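Architecture at a glance
This is what each chain is made of:
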Amino acid sequence: MESPIMSRLKLRSLLRMMLLVGSSIGAFWTPASARQRPAALATASGFVFTANEFGNSISRIDLTTGTVETVPVSISAHNVQVTADGQFLLAVGATAGGDHEEMAVGGQSDIDMDAAGLLLIFKTASFSTGPIATIEVGAHPAHVVVDLTGKFAFVTNSGDNNVTVVDLANDVVTAVIPTGAYPHGQRMSPDGKELYVANVEDGSVSVLDPVGLRELQRIPVGAVPVQVGFTPDGSRVYVSLRDEDKVAVIDPATREILATVDVGKGPIQVHSAPDGRFVYVANQGTDKDPSETVSVVEVATNTNVATVRTGPGAHGVAVSADGTLVFITNIFDGTVSVIDAKTNMVVANFAVGEGPNGITFLPARP
């Protein structure tokens, strides 16, 4: 199996080629204006943040005004997450490197493979002023989540096969938890008692104790698990299996696989609706055969009940707090597609930074 690092480098090369071709023959996808709010979002509010890995930036979409703000950062941002209280935005990635003049395509640069990974912390209210803290974590950090108290952040370090635990009150690393090989996507259980981590290279999911700071169990799930997602009641965990075009369904009570569900090509991120009826799966496809679909999995039956076409390389998934909108990052054309959850139709597209990966939603404050 090809290593995830080589796959990422090939993805960068493919994106460069697509950007160069697109500049000569026109865009592959036509995004909505970033300055004019789409009519379909007339009642929408809140913010969507994206980690733009190939653009070394983070974008913020204001759903109330329809504007997009993109801020450069010191990392090739791979994932972002808003804290439960909405006050802070966390972003992780490898330190941005490479010769920008010789290697850049529209501002794109390569990851410095020897550089340490960083966790950046922003205040959401003053996002554009830059991070208020920068914390060194492990090699090739992939995802970050925060516990329910907002006191600790957990960062998967794909290059070190572990999870870094960060004390957010003091901005220091307090522990490191070993996992399986190449830990990537992770999610905290709704009750905050367990952390599930997808281990790409050994086909497993690590179940971690976020309080005792240890691995409780490692569950074999299938070929190349990339991300996990809990249903809101915590009764099910969905795991994307990239190289099987499936998601596995785990019962957290028994830690056994209940079912597998066929989805689209190369599933990456998964996210449940707030009411727990559906799970949305972004299908990125492969470097040679990119996909542009989102599979809608019905939880009650564990069946794929709908397929939504978004943009090339559908990757990240977030859902609005009221469940009416689903947000998808499209890695190959630098856009975010907005899906109406009632109709399963794309109702808007926003241009963000290059190579958007992770995505998170922040509700508007009352």
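Residues numbered from 1 in each chain as written. Predicted model: local features only at pLDDT ≥ 70, side-chain atom pairs only at ≥ 80, totals over all residues. Heavy atoms only, no water.

1. Here's the deal with unusual backbone geometry
A positive phi angle is found at Asn56, which is not glycine, with a value near 50 degrees. For Asn56, the position within the fold is in the loop between strand S1 (47–52) and strand S2 (57–62). By relative accessible area, which is 5% here, Asn56 ends up buried. The phi angle at Leu213 is positive, at roughly 55 degrees, despite the residue not being glycine. Here Leu213 lies in the loop between strand S14 (204–209) and strand S15 (214–220). (Helix = DSSP H or I, 4+ residues; strand = E, 2+ residues; numbered from the N terminus. Buried < 20%, exposed > 50% of the residue type's maximum accessible area, 1.4 Å probe, protein only.)

2. What to know about the nonpolar core
Counting residues in each nonpolar core, the largest one holds 16 residues, and the members touching the most others are Ile58, Leu89 and Phe122. A total of 4 residues in this core trace back to one element, the largest contributor, which is strand S4 (residues 75–82). Not counting the four nearest positions on each side in its chain, Phe122 is found in contact with Ile58, Val73, Gln87, Phe88, Leu89, Ala91, Phe127, Gly130, Pro131 and Ile132. (Core = buried A, V, L, I, M, F, W, Y, C linked by side-chain atoms within 4.5 Å. Contact = heavy atoms within 4.5 Å.)

3. Concerning the sheet that holds strand S22 (residues 290–298)
What the 4 strands build is an open sheet, ordered S20-S21-S22-S23; its pairing is antiparallel. At either margin of the open sheet sits one strand with a lone partner, and together these are strand S20 (267–272) and strand S23 (303–309). Across the sheet, the mean angle from the axis of one strand to that of its neighbour is 25 degrees, orientation sign disregarded. (Pairing = 2+ DSSP bridges. Axes fitted to C-alpha atoms, helices over the stretch in contact; angles between N-to-C directions.)

4. Quick word on the side chain of Thr329
With respect to the secondary-structure elements, Thr329 resides in strand S25 (residues 325–330). Within the local environment of Thr329, its side chain forms a polar contact with the backbone nitrogen of Gly316, the two atoms lying 2.7 Å apart. A polar contact is formed between the side chain of Thr329 and the backbone oxygen of Asn357, at a distance of 2.7 Å. Ignoring anything within four residues of it in the chain, the contact list for Thr329 reads Thr50, Gly313, Ala314, His315, Gly316, Thr335, Val336, Pro356, Asn357, Gly358 and Ile359. (Polar contact = N/O pair within 3.5 Å; in protein donor to acceptor, adjacent residues only side chain to side chain.)

5. What about the sheet that holds strand S7 (residues 133–136)?
The 4 strands lie next to each other as S4-S5-S6-S7, forming an open sheet whose pairing is antiparallel. Among the strands making up the open sheet, the edge pair consists of S4 and S7. Direction aside, neighbouring strands of the sheet carry axes that sit 25 degrees apart on average. Here 7 bridges tie S4 to strand S5 (residues 88–95), and the two strands are oriented antiparallel to one another. Among the inter-strand pairings, Ser76 is bridged to a residue of S5, identified as Ala94.

6. Examining the pattern of salt bridges
When charged atoms on two side chains of opposite charge get close, those side chains can pair. Under the criterion given, the structure shown has 7 salt bridges. In this structure, the salt-bridge partner of Lys265 is Asp289, at a minimum N-O distance of 2.8 Å. Here the residue Lys265 occupies a position in the loop between strand S19 (256–262) and S20, and Asp289 occupies one in the loop between strand S21 (278–285) and S22, the gap between them amounting to 24 residues. Since its relative accessible area comes to 39%, Asp289 is described here as partly exposed. Between Glu292 and Arg309 there is a salt bridge, and its shortest N-O distance comes to 2.3 Å. In this pair, Glu292 is assigned in strand S22 and Arg309 in strand S23, connecting sequence segments 17 residues apart. Owing to a relative accessible area of 57%, Arg309 belongs among the exposed residues under this scheme. (Salt bridge = Lys/Arg side-chain N within 4 Å of Asp/Glu carboxyl O.)

7. A closer look at the side chain of Ser337
Along the chain, the position of Ser337 falls in strand S26 (residues 335–340). Here Ser337 falls in the buried class, since its relative accessible area comes to 0%. In this structure the side chain of Ser337 is engaged in a polar contact, spanning 2.9 Å, whose partner is the side chain of Asn330.

8. Points about the environment of Ser240
With respect to the helices and strands, Ser240 occurs in strand S17 (residues 237–241). Judged by its relative accessible area of 0%, Ser240 falls in the buried class. Between the alpha carbons of Ser240 and Val228 there is a distance of 6.6 Å; along the sequence they are 12 residues apart. Filtering out sequence-adjacent residues up to four positions away, Ser240 remains in contact with Val224, Pro225, Val226, Gln227, Lys246, Val247, Pro267, Ile268 and Val270. A polar atom in the side chain of Ser240 sits 2.6 Å from the backbone oxygen of Ile268.

9. Quick notes on the packing of aromatic side chains
In this description, a pair of aromatic rings is defined by centroid distance and the angle of the planes. Inspection of the entire model under this criterion finds 4 aromatic pairs. Relative to Phe127, the ring of Phe49 has its centre 5.4 Å away and its plane inclined at 75 degrees; by these criteria the two rings are edge-to-face. Of this pair, Phe49 sits in strand S1 while Phe127 sits in the loop between strand S6 (117–123) and S7, and the two are 78 residues apart along the sequence. Take Phe49 and Phe127: they sit in the same class, and that class is buried. With a centroid separation of 5.1 Å and 80 degrees between ring planes, the pair formed by Tyr196 and Phe230 is classed as edge-to-face. A residue pair is termed long-range when its members are at least 10 positions apart, and Tyr196 in strand S13 (residues 195–199) and Phe230 in strand S16 (residues 225–230) qualify at 34 residues. (Phe/Tyr/Trp six-rings, centres within 6.5 Å; stacked < 30°, edge-to-face > 60°.)

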